[in-house]
Amino acid sequence: MPRQQTRRMNKIITLTAFGWGIILLSLFVYTDLMLPSVNQNSDYLMTFYTAGELVREGNTGALYPPLGSDTFIDTAFDKAAHNVLPLLPPRATAEYMYMPAVAGMFVPLSMVGPGISLLLWQVVCLASLAACTFLFSGKFKLGGSNENESSRLSTPAFWLALTLVPLAISIWIGQISVVFGLLPFMAGLFFVLRRKDLIGGLIWGMTIVKPQFLIPVLMLSVALASAKRFKPILGVFSGIAIFIAVNLAAFPTSLFAQWLSTLKLAEAVYSDLKFGVAQHIATSLPRAIILLLPVSQHGIAKPVIYTLSAILGGTGVYFCTRVLRSPMPESNKLALAAIVCLFATPIIVPHVFFYDYAMFVAAGFLAYSCQWSSDLDFRLKSLLWLGWLITNLYAVILFTNKSFAIPILFVLLMLELYRRSIVVASLAIKNGLPSQISSSEPA
């Protein structure tokens, strides 16, 4: 395609994405301020706003169910949410499954009304997304002083990212994927690319708040260790240790024990449809398979399914280690390994919901930041756009007729995308990065 036509097409795509973004932001403001009966059912208000309110009132004991509980229904936290949010539907069950310190972070936002608080949090999410775009924009060299190549990611990537519906949903309902997942993942990688491995690892450790991002971080850290770069994984575990220490110092040890018990309860609850699990958005391969089986078979099936997931994850780590030990430029190696790890996440992590696919934005940013050989460029970009298309089509089904949403079919398509990412990694290992670089326009 001639360069002029390519530029025209990119301009049309960018303007379309900008228009979608403006509509999306308007929707956030309207629902937050004008539809309290809708926004009070959001994840943010039911979970984080309520948790911040409880910590501010000194009622931290209500954050988690008592030890030995077998349900979240009518717990102290569930009742507190209905008191704080009077328009919350009676059938809605509120639960909090994060560390106590995370609840403490939301104390300032609990000092204003629910609608304003949700809007402020959405602004924080959008600012975090903008920060990710900025870190990997053309203002920075991908490898700092060690490499001359500048990032090819441009500012419109912010608006293009919002066209990924799971990201839009995540911000709309006030999830923490962007602030505590996407941002530390990208910021940590920013420093690792510049050989500031310990700082990058410490930042990566913050993904303990959003474990769906911790898994690709650990996969990438192990692969880096195989290339004799041990500081990232040291930084990750140090960051996790620091965050746990903060929790233990600021809150009673018994509360931390209750949190661990809550994780066990959550595993049981999210594996049984009788608790009202939203099966259509339980879009990890392990969970989709488990929810197809009778509860009586879970005891036998889970170890087998989780072992299979570990093997699939180990396969990704193996190819990442080979990529990172290859002679490719540093930025390409890290970007490609990170992309494989991100595509692996919904295949190997049980607790992944549809809005967690916001992590694919990181894969897009990384792919468009680097220059690739023509063959790798086509394969990577087609992989990403195919993922965008499949994911957004599933979102359309969710919004129009949930009865047609079949999670197992969706995650099997994600498994195929994971396989394709490994194929791309294998080709890169075999062929390296030829001197013929793609001349496609920046994103």
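All of these numbers come straight from a predicted model, not from anything done at the bench. (Residues numbered from 1 in each chain as written. Predicted model: local features only at pLDDT ≥ 70, side-chain atom pairs only at ≥ 80, totals over all residues. Heavy atoms only, no water.)

Below, the discussion takes up unusual backbone geometry. The residue aspartate 74 is not glycine, and still its phi comes out positive at about 60°. Here the phi dihedral of arginine 195 falls at roughly 65°; this positive angle occurs in a residue that is not glycine. By the element assignment, arginine 195 lies in the loop between α9 (177-193) and α10 (197-204). (Helix = DSSP H or I, 4+ residues; strand = E, 2+ residues; numbered from the N terminus.)

This next bit is on the packing of aromatic side chains. On inspection of all chains with the given rule, the structure shows 26 aromatic pairs. Here tryptophan 385 and tryptophan 388 contribute two aromatic rings whose centre-to-centre distance is 5.6 Å and whose plane-to-plane angle is 70°, an arrangement assigned as edge-to-face. Of the two residues, tryptophan 385 and tryptophan 388 both sit in helix α18 (residues 374-400), 3 residues apart, roughly one turn of that helix. Within the aromatic cluster, the residues linked to one another by ring pairs are Tyr44, Phe48, Tyr49, Tyr64, Phe77, Tyr96, Tyr98, Phe106, Trp121 and Phe180. (Phe/Tyr/Trp six-rings, centres within 6.5 Å; stacked < 30°, edge-to-face > 60°.)

Grouped together as the largest cluster of nonpolar side chains are 148 residues, with contacts concentrated most on Leu63, Tyr96, Leu129 and Leu167. Broken down by element, this core gets its largest block of residues, 13 residues, from helix α16 (residues 330-348). Those residues in contact with leucine 167 that sit more than four places away from it in its chain are Leu129, Ala161, Leu162, Val178, Ala358 and Val361. (Core = buried A, V, L, I, M, F, W, Y, C linked by side-chain atoms within 4.5 Å. Buried < 20%, exposed > 50% of the residue type's maximum accessible area, 1.4 Å probe, protein only. Contact = heavy atoms within 4.5 Å.)

Turning to a nonpolar patch on the surface, a few remarks are in order. On the surface, a cluster of nonpolar side chains totalling about 740 Å² of accessible area is made up of Val29, Tyr30, Leu33, Met34, Met111, Val112, Ile116 and Leu120. Breaking the nonpolar patch down by element, the ones donating at least two residues are α1 (3-34) and α6 (114-135). Examining the composition of the nonpolar patch, we find that 4 residues originate from one element, α1, more than from any other. Of note, methionine 34 is situated in helix α1. (Patch = residues over 30% accessible without salt bridge, like charges linked within 9 Å, V, L, I, M, F, W, Y side chains within 5 Å. Areas by Shrake-Rupley, 256 points an atom, 1.4 Å probe, with all protein chains shown as cover. Salt bridge = Lys/Arg side-chain N within 4 Å of Asp/Glu carboxyl O.)

For the rest of this paragraph, the subject is the side chain of threonine 75. Structurally, threonine 75 can be placed in the loop between α3 (43-56) and α4 (76-84). A polar contact of 3.0 Å, which involves the side chain of threonine 75, links it to the backbone oxygen of phenylalanine 72. (Polar contact = N/O pair within 3.5 Å; in protein donor to acceptor, adjacent residues only side chain to side chain.)

Secondary-structure assignment places proline 350 in the loop between α16 and α17 (360-369). When its relative accessible area of 21% is taken as the criterion, proline 350 is described as partly exposed. Between the alpha carbons of proline 350 and glutamine 212 there is a distance of 9.2 Å; along the sequence they are 138 residues apart. Ignoring any residue separated from it by four or fewer positions in sequence, one finds proline 350 in contact with Ser284, Pro286, Arg287 and Tyr306.

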